[in-house]
Amino acid sequence: MIDLPLSALEVAMVQAGARAVDTLRDTTAFAQRLDALGYRRLWYAEHHHSPAIGAFPPVVLTAHAAASTSAIRLGSGGVLAPNHAPIMLAEQFGTLAALHPGRIDLGVGRGPGTFDESTARALRRGAGPTTDDEYRDDVASTLRFLVDEVALGPLPEPWLLSSSTAGAALAAELGLPIAFAHHIRPDNTLAALDRYRAHFSPSPWCDRPRVLVCVETVCAETQEEAIRLAGPMNVVKAGLLKGHSEIPFPTPAEASAHPFTEEERQTLAAFGAQQAHGTPETVVRRLAELADATGADELMLVTPVYALAARLRSYELVKQHAQGPRPSAPR
């Protein structure tokens, strides 16, 4: 059993043979099912100009999901500060929090959300990459605007996304909860969280260190099925290792025929060993180990697999084996 809240990250993979609008339609069913299963929160990631990931603004998906669910917390995981004016982020998420009190999160990150330099520049109206000081100012300004300018009542819960010790240090300085991207930079996790806890300064947003760890999680009834389901994302990762970002999200059959090099196989296997892939028993054990190693207050699962049914089944199996069924509402 895992005595921690479980949450989910939606990256909206656009499957081979499907349209982006099909992926968009699936996000509604996904949110409603996770709400029914009792997951704590569901976050949407910002991505741009990728054939494998839908370019759906987190604020729009958050608004839509909030209107079609009843209990699950919703928000960004994250919106990327370099791409947005701080006052606009404050207005957007402040409005959402006023419309859906106690259910909206504002997770902020730094990356451009694309591997394409021209797209990154277009998002920033021609400006280059943000500096450390600019990023700090953007995050601090967003928080200030939430309080001083928007002031609609209930505020969204702010989180800082990080995959490095530098991001962890900023979260500590600003007194924000941290959402660490173990699913992206697992080798950085422990050092970054140690730094965060050692330097944390309490703030009006958070009085103690709070840690959410995001883990790539692929769960199926058999180990063989879990390996098959993880195959498409492995093809995308192998392309990124070569600097190729224009890789579509293939079917499991296409992925099983992909000619991985031996070096790619070793790299992908090493990465997978730091995540949570396999049968329910294997996945729950691995998640419990990560929770113990990181001292996490919450685990967030990201499951980039082909087909909505398989993805939902993974979340169902984890919830069932990690925490048991959700209690029925009293009659």
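Residues numbered from 1 in each chain as written. Predicted model: local features only at pLDDT ≥ 70, side-chain atom pairs only at ≥ 80, totals over all residues. Heavy atoms only, no water.

- As recorded by an unreviewed UniProt entry, the chain carries the name Monooxygenase and is attributed to Streptomyces bingchenggensis.

1. Details of unusual backbone geometry
Then comes step 1: For the peptide bond that leads from Gly77 to Gly78, omega is 0 degrees, which places it in the cis range.
Then comes step 2: By the secondary structure assignment, Gly78 is in strand β3 (residues 73-80).
Then comes step 3: At Ala307, a residue that is not glycine, the phi angle is positive and equals roughly 85 degrees.
Then comes step 4: Looking at where Ala307 falls in the secondary structure, it is placed in the loop between β9 (298-302) and α12 (308-323).
Then comes step 5: Judged by relative accessible area, Ala307 falls into the partly exposed class, the value being 26%. (Helix = DSSP H or I, 4+ residues; strand = E, 2+ residues; numbered from the N terminus. Buried < 20%, exposed > 50% of the residue type's maximum accessible area, 1.4 Å probe, protein only.)

2. Description of the environment of Arg313
Then comes step 1: With respect to the element layout, Arg313 can be found in helix α12.
Then comes step 2: Note on Arg313: relative accessible area 32%, which makes it partly exposed.
Then comes step 3: Linking Arg313 and Thr222, residues 91 residues apart in sequence, is a C-alpha distance of 12 Å.

3. Focus: helix α1 (residues 20-37)
Then comes step 1: Its 18 residues give α1 an end-to-end C-alpha distance of 26 Å, which sits within 8% of 26 Å, the value for a rise of 1.5 Å per residue.
Then comes step 2: Every buried residue belonging to α1 is among Thr23, Thr27, Thr28, Phe30, Ala31, Leu34, Asp35 and Leu37, and all of these are buried.
Then comes step 3: Structurally, α1 contributes buried residues whose contacts are with β1 (6-10), β2 (41-44), α2 (58-68) and α12.
Then comes step 4: Where α1 ends, the next residue or the one after it, Gly38, has phi of about 90 degrees, a positive value. (Expected span 1.5 Å × (residues − 1). Contact = heavy atoms within 4.5 Å.)

4. Observations regarding the pairing of β2
Then comes step 1: Burial along β2 is two-sided: the residues Arg41 and Trp43 and Leu42 and Tyr44 are all buried.
Then comes step 2: Crossover β1 to β2 through α1 is right-handed.
Then comes step 3: Viewed along the sheet, the connection from β2 through α2 into β3 turns out right-handed. (Right-handed = clockwise from strand over helix to strand, strands pointing away.)

5. Considerations on the pairing of β1
Then comes step 1: Within β1, five of the five residues are buried, which leaves the element mostly enclosed by the surrounding structure.
Then comes step 2: Of the two faces of β1, the one lined by Leu6, Ala8 and Glu10 and the one lined by Ser7 and Leu9 are each fully buried.
Then comes step 3: In terms of strand pairing, β1 meets β9 through four bridges, oriented parallel. Within β9, the residue paired with Leu6 across the bridge is Leu299. (Pairing = 2+ DSSP bridges.)

6. A look at the packing of α1 against α2
Then comes step 1: Following both chains from N to C, one finds α1 and α2 inclined at 45 degrees, their axes separated by 9 Å at the closest point. With respect to α2, the axis of α1 lies oblique. For the element pair α1 and α2, the recorded crossing hand is right-handed. In this structure, α1 contributes Leu24, Thr27, Thr28, Ala31 and Gln32 to the contact, and α2 contributes Leu61, His64, Ala65 and Ser68.
Then comes step 2: Residue composition of the contact of α1 with α2, grouped by class: four nonpolar, five polar and no charged. (Axes fitted to C-alpha atoms, helices over the stretch in contact; angles between N-to-C directions. Parallel < 35°, antiparallel > 145°, perpendicular 65-115°, else oblique. Left-handed = near helix turned anticlockwise from the far one by under 90°. Nonpolar A, V, L, I, M, F, W, Y, C, P; charged D, E, K, R; others polar.)

7. Structural notes on the pattern of salt bridges
Then comes step 1: By the definition in use, this model includes 18 salt bridges.
Then comes step 2: Note that Arg19 is salt-bridged to Asp22, the shortest N-O span being 3.1 Å.
Then comes step 3: Relative accessible area serves as the criterion here: at 52%, Arg19 is assigned to the exposed category.
Then comes step 4: Here Arg41 and Asp105 are joined by a salt bridge, their closest N and O atoms 2.7 Å apart. You can see Arg41 sitting in strand β2 and its partner Asp105 sitting in strand β4 (residues 104-109), a full 64 residues away along the chain.
Then comes step 5: By relative accessible area, which is 0% here, Asp105 ends up buried.
Then comes step 6: One network of salt bridges, in which partners are shared, links Arg41, Arg73, Asp105, Glu157, Arg210 and Glu298. (Salt bridge = Lys/Arg side-chain N within 4 Å of Asp/Glu carboxyl O.)

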